[in-house]
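Overview (structure and organization)
Each chain, written out:
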Amino acid sequence: SRLHTNFTILKSFIRKNFLKIDGEEVCELDLSNSQPLFLCKLIQNSNKYVDNIEFNIFKKLTLGGNLYQYLMDKSNISDRKVIKEMVYVVLFGRNFNTKADVLFKQLFPTIHSFIRNYKTQIGNYKVLSHDLQKAESLLIFNSIIGEINSKYPEIKLFTVHDSIVFPKKYKEVVTNIFNDKVSKEFIILQ
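Let us look at the structure shown here.

With respect to the pairing of strand β4 (residues 163-167)
In terms of burial, β4 is largely enclosed, as five of its five residues are buried. Two strands pair when backbone bridges link them, and strand β3 (residues 158-160) and β4 are joined in this way by three bridges, in the antiparallel orientation. Along β4, the bridge assignment pairs F158 with V165. The turn linking β3 back onto β4 is made up of two residues, and H161 within it adopts a positive phi angle of 55 degrees.

What follows is the structure in C-alpha cells.
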C-alpha cells in the first residue's frame, strides 16, 4: 500500500537541503514512529488480550514519538536507524527469536505475542505489514492529502510514505490539516 517514487528513494538530507518545488524551499511533515503507532491503534481496536500496563506504556511512547528512543535507552544501542530496523524486523518479519524479537519481547511481551498471533491467525507473516501500511496510506492519501487538495488545489506536494513534502510558504496551512487529521485518527488512543 505504499507508493514508491523517485522522491521516496532520495536521501532525507537531499530532500531537505536541495529539493525545491517551483523554485521554493520545501518543508516536510512526518508521522513519528508511524508503523508502531498504527500497531497501537490496531491493538486498541482488536479486543485481543494485551497487558493494560504494558499497552499504556507502549501507547504513551508511540503517541509521543518516543518509542525508538526508549528502545535505544533500554538496549544500549545508540543508533536510531538500527533500532528502527529492529522494530521493523519485529513488525514485518517472521519472529524467529532474532535479536530484535528478543529485545522487543523482553520489553513488551504481550504486544509481541499479539504480533505473532496476528500473523499466525491469517497464516501469512506479511499480513501485519500490509495492514499497517494500508492504514498509513489511507491516512496520508485519503484524509490528509485529500483535504489539502480539496481546500488548496494550488499546493503542489509529494509524499514519502508517512511524510508530506510541500513548499515552505504553505507550512501553517498544511501543518494545521496534518495535525488535525492525525489527532482525529488516533483519538481512540488518547
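Now that the structure has been shown, we can carry on.
Some points on the packing of helix α6 (residues 99-107) against helix α7 (residues 109-122)
Two measures define how a pair of helices packs: the angle their axes make with one another and the distance between the axes. Where α6 meets α7, the closest approach of the two axes is 5 Å, and the angle between their N-to-C directions is 125 degrees. Taken together, the axis directions place α6 and α7 in an arrangement best described as oblique. Between α6 and α7, the contacting residues are D101, F104, K105, Q106 and L107 on the first element and P109, I111, H112 and I115 on the second. Within the contact of α6 with α7, the residues separate by chemical class into five nonpolar, two polar and two charged.

Some thoughts on the packing of aromatic side chains
This structure, assessed with the given rule, holds seven aromatic pairs. Judged by centre distance (6.2 Å) and plane angle (80 degrees), the rings of F58 and F104 are edge-to-face. Placement of the pair is F58 in helix α3 (residues 52-63) and F104 in helix α6, with a sequence separation of 46 residues. Both residues of the pair, F58 and F104, count as buried. Three or more aromatic residues joined by ring pairs make a cluster, and in this case those are F58, Y70, F104 and F108.

What counts, and at which threshold
Each chain carries its own residue numbering, running from 1 in the direction its sequence is written. Totals for whole chains, interfaces and linings use every residue, but because this is a predicted model, local features are given only for residues with pLDDT of at least 70 and side-chain atom pairs only at 80 or more, for both listing and counting. Hydrogens and water molecules were not included; the side-chain quantities draw on all heavy atoms of the structure. Here's how the labels work: a residue is buried when its accessible area is under 20% of the maximum for its type, exposed when over 50%, partly exposed in between, all with a 1.4 Å probe on protein chains only. Helix numbering and strand numbering both begin at the N terminus, where a helix is a DSSP run of H or I of at least 4 residues and a strand a DSSP run of E of at least 2. Strands qualify as paired when DSSP identifies two bridges or more between them. Axes here refer to lines fitted to C-alpha atoms; in helices the fit is confined to the stretch in contact. Angles between the N-to-C directions go from 0 to 180 degrees. Angle categories are assigned with fixed cut-offs, so that under 35 degrees is roughly parallel, over 145 is roughly antiparallel, 65 to 115 is roughly perpendicular, and the rest are oblique. Contact between two residues is taken to exist if any of their heavy atoms lie within 4.5 Å; hydrogens are not considered. Three residue categories are used. Nonpolar comprises Ala, Val, Leu, Ile, Met, Phe, Trp, Tyr, Cys and Pro, charged comprises Asp, Glu, Lys and Arg, and polar comprises the others, including Gly. A pair of Phe, Tyr and Trp rings is counted when the ring centres sit within 6.5 Å of each other, with Trp represented by its six-membered ring. The angle between the planes then sorts it: under 30 degrees is stacked, over 60 is edge-to-face, the rest tilted.

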